[in-house]
Number of protein chains: 2
Amino acid sequence: MSEIDAAEAERHKAKMAKRKAVQDAEVAGKTVAEKGLLIVNTGPGKGKTTAAFGLALRMLGYGRRVGVVQFIKGKWHTGEKDAFAAFGDQVAWHTMGEGFTWETQDLQRDIAAAQAAWGKAQELMADPTISLVVLDELNIALRYDYLDLEKVVAALKARREGLHVVVTGRNAKPALVEAADLVTEMGVTKHHFSAGVKAQQGIEF
Amino acid sequence: MSEIDAAEAERHKAKMAKRKAVQDAEVAGKTVAEKGLLIVNTGPGKGKTTAAFGLALRMLGYGRRVGVVQFIKGKWHTGEKDAFAAFGDQVAWHTMGEGFTWETQDLQRDIAAAQAAWGKAQELMADPTISLVVLDELNIALRYDYLDLEKVVAALKARREGLHVVVTGRNAKPALVEAADLVTEMGVTKHHFSAGVKAQQGIEF
């Protein structure tokens, strides 16, 4: 592979020059310099929450503050929570869930937990020191009608200027997708759970 | 929504009890307790690299060490790099790229950079103190044939026991997908670039 003749190098250069022209035109066509985005990570694949945390990390690297509300996850120990603790009060972390809905089996309790979480979410969204709010598994609370979809979407659309919000969870509601600026669907091409591998420290939690 | 009659609560409980039985059976069916996974994040959507960094963060939370090799990204400043610096020598970070291929327009230089990056990747994979290695944009180097696909896949398959490796980038090669334990395809449902929004600090870099 290290043997490249001059003609090949020239062809590559011409192709990449053309590619660069397309790329530059694309960049020039973008005129909105800063916009607080409503981001939705959905779909059955892995990476919805981890990508949200990756974005949070990026923000932290710029010295900005990040808020996290976990709507479903309960009090169990996770690596991400410990890792974010390294950033001190740059991170406002709130695990508000009671665990998976099939564990609690208590509708009233699930609804109360979701409503408390949504209250905390609104508080973080109103805090002007925070640049990014992660609403982890909010889609699940919406899917089970624990929260009023219309009110939640209206509040997300009315977020203050410059605030980025990331919503995660499967089965994002169409009204939320409609309101969002960026929606990524994580699809499963292959999953190790199907091969009988258990959830592992550092990978699943 | 807070008005729930007893019958509704009962129906919910029965449904969730059934769901739990399915869930428990699934968990019981998993027999492999620990396995170093080969993970591929691919597809045109956002979240491939950020999800890899989210996983890295999770590992760091458990006090484990993480290695990162960036195959394409050049020397420009990113938030994630600064954020990972907070973890000191828990992170071995190597930005080995020369920038996008359409910026360098120099095939020989791109190949040399990819080969140096792959050398570093093999070094990190051999380091027994490291639990997770992120090979960011390796798929791009493979797509342009900067590296020998067969050799790379063989080395990834022969990784030491317990080591997790995450490969990111669009257009993952079929041979890599075949070798992987977990493959997620990030699909674009909606993207703010199409609405003319520029790349922003904390979101894209």
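Residues numbered from 1 in each chain as written. Chains lettered and ligands numbered in written order. Predicted model: local features only at pLDDT ≥ 70, side-chain atom pairs only at ≥ 80, totals over all residues. Heavy atoms only, no water.

Asks: What's the story with the relation of the copies chain A and chain B in this structure? I'm lost.
Replies: One copy of the chain maps onto the other through a rotation about an axis plus a displacement along that axis. The operation relating chain A to chain B is a screw motion whose rotation component is 180 degrees, with 0.0 Å of axial translation and a residual RMSD of 0.0 Å. In the structure described here, the two chain copies are related by an operation that fits a two-fold rotation axis. For chain A, the minimum C-alpha distance to the rotation axis belongs to A:Ala51 and amounts to 1.8 Å. Both copies contact each other with a shared surface, as 100% of the interface residues of chain A are interface residues in chain B too. (Least-squares fit on C-alpha atoms with pLDDT ≥ 70 in both. Contact = heavy atoms within 4.5 Å.)

Asks: So what exactly am I meant to see when it comes to the sheet that holds strand β2 (residues 65–70) of chain A here?
Replies: Strand-to-strand pairing in sheets goes through backbone hydrogen bonds, with the strands running parallel or antiparallel. Strand order in the open sheet made by the twelve strands is β3(A)-β2(A)-β4(A)-β5(A)-β1(A)-β6(A)-β6(B)-β1(B)-β5(B)-β4(B)-β2(B)-β3(B), with mixed pairing throughout. If you trace the sheet from one side to the other, it starts and ends with β3 (91–95) of chain A together with β3 (91–95) of chain B, each paired once. If you compare each strand with its neighbour and ignore which way they point, the axes differ by 15 degrees on average. Examined bridge by bridge, strand β6 (residues 182–190) of chain A and strand β6 (residues 182–190) of chain B share seven bridges and lie antiparallel to one another. Residue pairing in the sheet places A:Val183 in a bridge with B:Lys190 of β6(B). (Pairing = 2+ DSSP bridges. Helix = DSSP H or I, 4+ residues; strand = E, 2+ residues; numbered from the N terminus. Axes fitted to C-alpha atoms, helices over the stretch in contact; angles between N-to-C directions.)

Asks: What is the right way to look at unusual backbone geometry in this model?
Replies: Even without a glycine there, the phi angle at A:Asn171 is positive, about 55 degrees. Topologically, A:Asn171 is positioned in the loop between β5 (164–168) and α8 (174–179). For B:Asp145, which is not glycine, the phi torsion reads 60 degrees and is therefore positive. Topologically, B:Asp145 is positioned in the loop between α6 (138–143) and α7 (149–157). Residue class for B:Asp145 comes out partly exposed when judged on its relative accessible area of 44%. (Buried < 20%, exposed > 50% of the residue type's maximum accessible area, 1.4 Å probe, protein only.)

Asks: Got a minute to help me understand the packing of aromatic side chains in this structure?
Replies: Pairs of aromatic rings are described using the distance from one ring centre to the other and the angle between the two planes. All told, the structure shown has eleven aromatic pairs over all chains when counted by the stated rule. Ring geometry for A:Phe205 against B:Tyr62: centres 6.3 Å apart, planes inclined by 90 degrees, an arrangement best described as edge-to-face. Residue A:Phe205 is located in the segment after β6, and its partner B:Tyr62 is located in the loop between α2 (48–61) and β2 (65–70); the two belong to separate chains. Residue classification places A:Phe205 among the partly exposed residues on the basis of a relative accessible area of 27%. B:Tyr62 sits in the buried class, given a relative accessible area of 19%. Relative to B:Trp93, the ring of B:Phe53 lies with its centre 5.5 Å away and its plane at 35 degrees, an arrangement referred to as tilted. Pair noted here: B:Phe53 is in helix α2 and B:Trp93 is in strand β3, with a separation of 40 residues, a long-range link. The class of B:Phe53 is buried, set by a relative accessible area of 0%. (Phe/Tyr/Trp six-rings, centres within 6.5 Å; stacked < 30°, edge-to-face > 60°.)

Asks: Sorry if this is basic, but what is going on with the packing of helix α5 (residues 107–126) of chain B against α7(B) here?
Replies: A pair of packed helices can be characterised by two numbers: the angle between their axes and the separation between those axes. Residue and element names in this part refer to chain B. Where α5 contacts α7, the axes come no closer than 11 Å and their chain directions differ by 15 degrees. With respect to α7, the axis of α5 lies roughly parallel. For the element pair α5 and α7, the recorded crossing hand is left-handed. Residues Trp118, Gln122 and Met125 of α5 form the contact with α7, whose participating residues are Val152, Ala155 and Leu156. For the contact of α5 with α7, the class distribution of residues is five nonpolar, one polar and no charged. (Parallel < 35°, antiparallel > 145°, perpendicular 65-115°, else oblique. Left-handed = near helix turned anticlockwise from the far one by under 90°. Nonpolar A, V, L, I, M, F, W, Y, C, P; charged D, E, K, R; others polar.)

Asks: Looking at this structure, I do not really get the interface of chain A and chain B. What am I missing?
Replies: In many reports, interface size means the accessible area that the parts give up when they come together. The interface of chain A with chain B comprises 85 residues on the first partner and 86 residues on the second. For the pair chain A and chain B, the two sides together bury roughly 7800 Å², of which 62% comes from carbon and sulfur. Applying the counting criterion to the chain A and chain B interface returns two salt bridges. With its nearest N and O atoms 2.8 Å apart, the salt bridge here joins A:Arg58 to B:Glu80. (Buried area = accessible area lost by both parts, 1.4 Å probe. Salt bridge = Lys/Arg side-chain N within 4 Å of Asp/Glu carboxyl O.)

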